Amino acid sequence: MELTWELVAFLGFAVMTLGSGLMVVTSSNLFHSVLFLMTSLFGVAGLFVLLVAPFLAAIQVLVYIGAIAVLMLFVIMLTRQVMSRPELYNQQMAGALVAAAILFLALLFVLTPLADEIGGDVAQVNAEVIAEADDAPDVDYITVEELGRAFVTRNGFVLPFEVTSILLTAAMIGAIVVAREDEA
Amino acid sequence: MVPLWMYLVVSAGLFSIGAFGVLSRRNAIAILMGVELMLNASNLNLVAFWRYINPGEINGQVFAAFVFVVAAAEAAVGLALIISIYVKRHTVVAEDVNLLKW
Amino acid sequence: MLDVYAPVAPLFILAILVGGIILILSRLMGPSKPHARKVATYESGMRPIGPAVRRLPVQFHRVGMLFILFDIEVIFFIPWALVFRDLGFYGLAVMGVFFYVLLIGLAYEWFAGGLEWEQ
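Residues numbered from 1 in each chain as written. Chains lettered and ligands numbered in written order. Predicted model: local features only at pLDDT ≥ 70, side-chain atom pairs only at ≥ 80, totals over all residues.

## Let's talk about the overall build of chain C
And step 1. A tally of regular secondary structure across chain C gives four helices and zero strands.
And step 2. Written out in order from the N terminus, the α and β elements of chain C read α-α-α-α.
And step 3. Against the globule reference of 14 Å for 119 residues, chain C gives a C-alpha radius of gyration of 25 Å, more extended than a compact globule.
And step 4. Viewed in the frame of its principal axes, chain C has a C-alpha envelope of about 70 × 55 × 15 Å.
And step 5. Per-residue burial over chain C gives 16% buried out of 119 residues. (Helix = DSSP H or I, 4+ residues; strand = E, 2+ residues; numbered from the N terminus. Rg over C-alpha atoms; globule rule 2.2 N^0.38 Å. Buried ≥ 20, exposed ≤ 12 C-beta atoms within 10 Å, placed from the backbone.)

Structure representation (structure tokens):
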């Protein structure tokens, strides 16, 4: 595999995503955690661009960084207090670390060409499909127009689309009712 | 061209990091952040598979868009719950909320 | 395919470089003589009253939530608006249902007094 610009960009965004992700779960200041979360999400947006999904990248920046992360900042400032016990992690921290490491290794085993060499039964099939996908097929890419058509056409996703609005409304009203302060 | 498995490894790493955060952090907001990381990892997976295996179909991108919506709803309700718990019990530590715990 | 993004790369590198250089330069060359008065919270020259870190009013959360609602609407509106002419009345009806259901949430917040800043 030669070193192309795409690979360089991919590695940059991957390091950005994973490094900031690590900082999110390890930094002791919650405020810094959210800022690192933004960086991590931005890295994911960059990966979306590399995967030729620019609209999703824009949504990622708009919704995740612009709305969700900012709402988290608000809530952190809303619930700011001195924690009674300053520890960052709970008692199952070691177990969680082991579990996450096992999860990662298991996924690695199933997802990478490594599985082909070690030779698991189930993993083999997956690994063949994944290893063949060395190069993305060049077809016409999905444009935003096509996306818009898919959202509303009857053969497309019109039902999930409408249900989405109900989910959002329910979430909105629920959040307002739950977060009310006066009846505390 | 970057092979597919590299994207999958990044996604798996992000998911594991998020899972670690969810399982080990004490602050409820930090737990929510771990959940967001995991959702992002799954989204990355969806888009990567769409791009490499089935780029002619639109399903991958639409699915990812719906994941965004669900993530927004989840964040709104989760953060409202955290505010409510903070107002009523004056804590944001997940393990202090043990009224219903047996 | 990705060549169209080539001009973005120098922008990225330049932005990171400029930001980093400014931070490093001011750390290296700026004089730093901390003093109790100097590092105190700035409150127009007088003695600071109360902590600088305060609890934010809960109204910000409501505004943030409204923002999420409209943000999600934008996601679906942009692709829809691009094909609006081809879809005709059917597209308008589908989007109308979506829009009015979301409007219920806004109306609820409005009538529940969520938009009032004063309690």
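## A word on the overall build of chain B
And step 1. Along the backbone of chain B there are three helices and zero strands.
And step 2. Traced from its N-terminal end to its C-terminal end, chain B shows the element sequence α-α-α.
And step 3. Computed over the C-alpha atoms, the radius of gyration of chain B is 17 Å, more than 25% above the 13 Å expected from 2.2 N^0.38 for a compact globule of 102 residues.
And step 4. Overall, chain B is about 50 × 25 × 25 Å in size when its C-alpha atoms are taken along their principal axes.
And step 5. Here the analysis covers contacts within chain B between residues at least 6 apart in sequence; of these, 49% occur between residues at least 24 apart. (Contact = placed C-beta atoms within 7 Å.)

## Considering the packing of helix H2 (residues 30–50) of chain A against helix H3 (residues 54–78) of chain A
All names here are of chain A.
And step 1. Two numbers describe how H2 lies on H3: the axes approach to 8 Å, and their chain directions differ by 175 degrees. Overall, the two elements H2 and H3 adopt an arrangement that is roughly antiparallel. From H2, Leu 30, Phe 31, Val 34, Leu 37, Met 38, Leu 41, Phe 42, Val 44, Ala 45, Phe 48 and Val 49 reach across to H3, where they touch Pro 54, Leu 56, Ala 57, Gln 60, Val 61, Tyr 64, Ile 65, Ala 69, Met 72, Leu 73 and Ile 76. (Axes fitted to C-alpha atoms, helices over the stretch in contact; angles between N-to-C directions. Parallel < 35°, antiparallel > 145°, perpendicular 65-115°, else oblique.)

## Examining the interface of chain B and chain A
And step 1. Taken residue by residue, the interface counts 64 residues in chain B and 75 residues in chain A.
And step 2. Counting only elements with at least two residues in the side of chain B that touches chain A, the list comes to helix H1 (4–24), helix H2 (28–53) and helix H3 (59–89) of chain B.
And step 3. With 22 residues, the top contributor of residues to the side of chain B that touches chain A is H3 of chain B.
And step 4. For the side of chain B that touches chain A, the per-class residue count stands at 48 nonpolar, 10 polar and six charged. (Nonpolar A, V, L, I, M, F, W, Y, C, P; charged D, E, K, R; others polar.)

## Some words on the interface of chain C and chain B
And step 1. Contacts between the two partners involve six residues from chain C, matched on the other side by six residues from chain B.
And step 2. Counted by class, the side of chain C that touches chain B contains five nonpolar, one polar and no charged residues.

## Overview of the environment of Val 158 of chain A
And step 1. Along the chain, Val 158 of chain A turns up in helix H8 (residues 158–178).
And step 2. The exposure class assigned to Val 158 of chain A is partly exposed, which follows from the 17 C-beta atoms found within 10 Å.
And step 3. Contacts of Val 158 of chain A, omitting those with residues within four sequence positions, involve Val 152 and Thr 153 of chain A together with Val 94 of chain C.

## Some remarks on H8 of chain A
And step 1. In a regular helix each residue adds 1.5 Å, so 21 residues correspond to 30 Å; H8 of chain A covers 30 Å between its end C-alpha atoms and thus fits that length.
And step 2. Against the buried residues of H8 of chain A lie helix H7 (144–152) of chain A, H3 of chain B together with helix H3 (59–82) and helix H4 (84–111) of chain C. (Expected span 1.5 Å × (residues − 1).)

## Side note on H3 of chain A
And step 1. For H3 of chain A, built from 25 residues, the straight-helix expectation of 36 Å at 1.5 Å per residue is met to within 8% by its first-to-last C-alpha distance of 34 Å.
And step 2. Tyr 64 of chain A marks where H3 of chain A bends most, by close to 25 degrees. (Bend = angle between axes of the 7 residues up to and from the residue.)

## Concerning the environment of Gly 21 of chain B
And step 1. As for its placement among the helices and strands, Gly 21 of chain B is situated in helix H1.
And step 2. As for Gly 21 of chain B and Leu 37 of chain B, which are separated by 16 residues in sequence, their C-alpha atoms are 9.0 Å apart.
And step 3. Among all residues touching Gly 21 of chain B, those that are not within four sequence positions of it are Val 24 and Val 25 of chain A together with Ala 30, Ile 31, Met 33, Gly 34 and Leu 37 of chain B.

## Let's talk about the nonpolar core
And step 1. Ranked by size, the top nonpolar core spans 105 residues in total, and within it Met 72 of chain A together with Ile 29, Ala 72 and Ala 76 of chain B carry the most contacts.
And step 2. Non-local contacts of Ala 76 of chain B, meaning those with residues more than four positions away in its chain, are made with Ala 171, Met 172 and Ala 175 of chain A together with Met 65 and Ile 68 of chain C. (Core = buried A, V, L, I, M, F, W, Y, C linked by C-beta atoms within 7 Å.)

## Focus on the packing of H2 of chain B against H3 of chain B
All names here are of chain B.
And step 1. At their nearest, the axes of H2 and H3 sit 10 Å apart, and the two run at 175 degrees to each other. Between H2 and H3, the angle falls in the class roughly antiparallel. Of the residues in H3, those in contact with Ala 28, Ile 29, Leu 32, Glu 36, Leu 39, Ser 42, Asn 43, Leu 46, Val 47, Phe 49 and Trp 50 of H2 are Gly 60, Gln 61, Phe 63, Ala 64, Val 67, Ala 71, Ala 75, Gly 78, Leu 79 and Ile 82.

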